[in-house]
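# Structural description and commentary
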Amino acid sequence: MFKVSLKNVLRPGFAGGTFKSGYRFQKYWDTPMATAFFCGETGAGLFIVSMLMDFLPGIILGLLITGVGKTFFHLTHMGVPSKAWRALLRPDRSWISRGLWGIIFFVGFGSIHVLGVLFNVVPAGLAPVVYMLAMAGAMVVVTYQGFAMSHSTAISFWSTGLMPISSMLYGLLMGTSLVLVLSLLGFSISNPEYFSMLGLAQVALIVAVQICLLSLLHGAKNGSKGAQQSYILLVKDFLARPFLFGVVGIGSIIPLLILLFVPTNFITSLIVTGCIMLGFYLFRLLVFKAGVLDPILSPADIFKR
Amino acid sequence: MTRYGMVFDIKRCIGCNACTVACKQENSLPDGVFFTRTLSAESGEYPNVSRTYLPTICNHCEDAPCEKVCPSGATWTRDDGIVMVDGDKCIGCGSCAVACPYDMRTQIEETQITNGLFGDGKLTPFEEQGYSRFECGTFTKCDFCSERVDGGLDPACVATCPTDARVFGDLDDPDSKVSKLIRDRMGRQPLPEKNTRPKVYYID
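Residues numbered from 1 in each chain as written. Chains lettered and ligands numbered in written order. Predicted model: local features only at pLDDT ≥ 70, side-chain atom pairs only at ≥ 80, totals over all residues. Heavy atoms only, no water.

Here the focus is the pairing of strand β2 (residues 36–45) of chain B. Here β2 of chain B runs beside strand β3 (residues 48–57) of chain B; their pairing, made up of 10 bridges, is antiparallel. Counted as the bridge partner of leucine 39 of chain B is leucine 54 of chain B from β3 of chain B. (Pairing = 2+ DSSP bridges. Helix = DSSP H or I, 4+ residues; strand = E, 2+ residues; numbered from the N terminus.)

Here it is as structure tokens:
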């Protein structure tokens, strides 16, 4: 649908892989990294919502999605997977490093929490500490990827505080949606009142995600030249179709309409969650594909003086 | 204290890319890997058009974003300001490449060091010797030919430039050629708005 070789793409103003001056696409974070981000935010979001709802199937699934899915795709992306442990060494300055510590805390203490609930192996005095540490790890995992992107001033479109907010909102939205689907599948939520509360939260989160997306686009449209190129790519150029139809239409508007006007049952909930999941995955992918580097030095700037 | 930097005189650059070739030879760079590139840019409208050549290289930034984001400590800065990459520590996560506003990081792909320059899977003795310094999957970049600099020589691209468009020297020495050129001809850093404080300057 929007397959393009970013290394060699030649479009007005873009340099591609040539010896021309112009905009360049970032090309090193692509599908495996986007999938890893998607798994991380989905898993951590599901874990957080499930912990708040005391919903054990969601807690276990969240741990699996992050612990297995995210780890697998990160290793797939990594140039030297055998040295992945080295990413733990610089939490003082690198968000990737902080994120890895977050994953370890999240999966480690989350698993201990599950064991405590299932087999009662955690002493009562330690259970709240394990709970808090697992939640803290999950909070890091659900946001650090946004921080890692916003920390990069190279790509103006990413360099905004809205990136971690979008990560968190999407993570919580995915978590809420998956808990609702799982509960309709037969896994009961401890308190039935939570069900209607989650339904309302889902609608509110879809609206919040939309506001966040609009803010991101608004910031890009009025940002630096590189950010403006990202905006054009997402709204008018070859990424516009998947972004507008996929991320905005299928990922937000259709679920919102279904939730507002169709009675909730397992099928509608499944469709809503599928749409949100597709929209979120496309968002992750397209934000990477729309990452544009500014021209290093424009001759027009030189001759202006 | 010594703080190495480079000045590109755009008026002198003729776009011959001898620097690019010298760099590839000095560093035994595989096919498709460049530490320095001379970009061309056209401006104006017919008949008033001109072409400018813009040499580019790692800017060895004072506030290097690639170093800040590196999770493994593979990127580090020497006392003389040269930003280095330790291939043994690099995990190939790509954070440095994403953080560099100048697109000056390159990942070494397996095919680049196994196919050989002739693409037949056979490496020449020159390639065998040169490629041994690279590890597949790691990221690499210009180090101002640190081994030459340590031996008192200019980087290969500077030594090769036939028009003296590239000048290398100590930015902290007010009498060095680079400092004088920056001072007298209003040297400009690339993308100053990124707050990376590059040690490479352009003059025209």
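In terms of nonpolar packing, the biggest core is built from 63 residues, with Trp29, Phe157 and Trp158 of chain A touching the most fellow members. Those elements that provide at least two residues to this core are α1 (31–53), α4 (127–150), α5 (162–184), α6 (193–221), α7 (225–235), α8 (240–261), α9 (266–289) and β2 (292–293) of chain A. Residues within four places of tryptophan 29 of chain A in sequence aside, it is in contact with Phe37, His77, Ile96, Met149, Trp158 and Phe288 of chain A together with Cys93, Gly94, Ser95 and Val98 of chain B. Counting residues in each nonpolar core, the second largest holds 43 residues, with Cys23, Cys61, Ile82 and Cys100 of chain B among its members. (Core = buried A, V, L, I, M, F, W, Y, C linked by side-chain atoms within 4.5 Å. Buried < 20%, exposed > 50% of the residue type's maximum accessible area, 1.4 Å probe, protein only. Contact = heavy atoms within 4.5 Å.)

Our next topic: the sheet that holds strand β1 (residues 4–9) of chain B. By way of backbone hydrogen bonds, the strands of a sheet pair with one another, either parallel or antiparallel. Residue and element names in this part refer to chain B. Judged by pairing direction, the sheet is mixed, and its three strands sit side by side in the order β8-β1-β9 without closing on themselves. This sheet does not close on itself; its edge strands, each paired only once, are β8 (166–170) and β9 (200–203). In this sheet, neighbouring strand axes are inclined to one another by 25° on average, regardless of whether the strands run parallel or antiparallel. In the sheet, β1 pairs with β9 via four bridges, with the strands oriented parallel. By the bridge assignment, aspartate 9 is partnered in β9 with isoleucine 203. Lying over the sheet, helix α8 (residues 177–184) contacts β1, β8 and β9, oriented at roughly 110° with respect to β8. (Axes fitted to C-alpha atoms, helices over the stretch in contact; angles between N-to-C directions.)

It is worth spelling out α5 of chain A at this point. Residue and element names in this part refer to chain A. An ideal rise of 1.5 Å per residue puts 33 Å on 23 residues; α5 measures up with 33 Å between its terminal C-alpha atoms. Among the 23 residues that make up α5, 18 are buried, leaving the element largely enclosed by the rest of the structure. Glycine 186 sits one or two residues past α5 and shows a positive phi near 125°. (Expected span 1.5 Å × (residues − 1).)

Attention shifts here to the side chain of serine 95 of chain B. Counting through the fold element by element, serine 95 of chain B comes out in helix α3 (residues 95–99). Residue class for serine 95 of chain B comes out buried when judged on its relative accessible area of 4%.

By the definition in use, this model includes 18 salt bridges over all chains. Between glutamate 67 of chain B and arginine 93 of chain A there is a salt bridge, with its nearest N and O atoms 3.8 Å apart. Of the two residues, glutamate 67 of chain B is situated in helix α2 (residues 65–69) and arginine 93 of chain A in the loop between α2 (56–77) and α3 (95–119); the pairing between them involves two chains. Both residues of the pair, glutamate 67 of chain B and arginine 93 of chain A, belong to the buried class. A salt bridge links arginine 12 of chain B to aspartate 9 of chain B; the nearest nitrogen and oxygen atoms lie 3.5 Å apart. What you see here is one network of salt bridges that share partners, running through Lys20 of chain A together with Glu42 and Arg51 of chain B. (Salt bridge = Lys/Arg side-chain N within 4 Å of Asp/Glu carboxyl O.)

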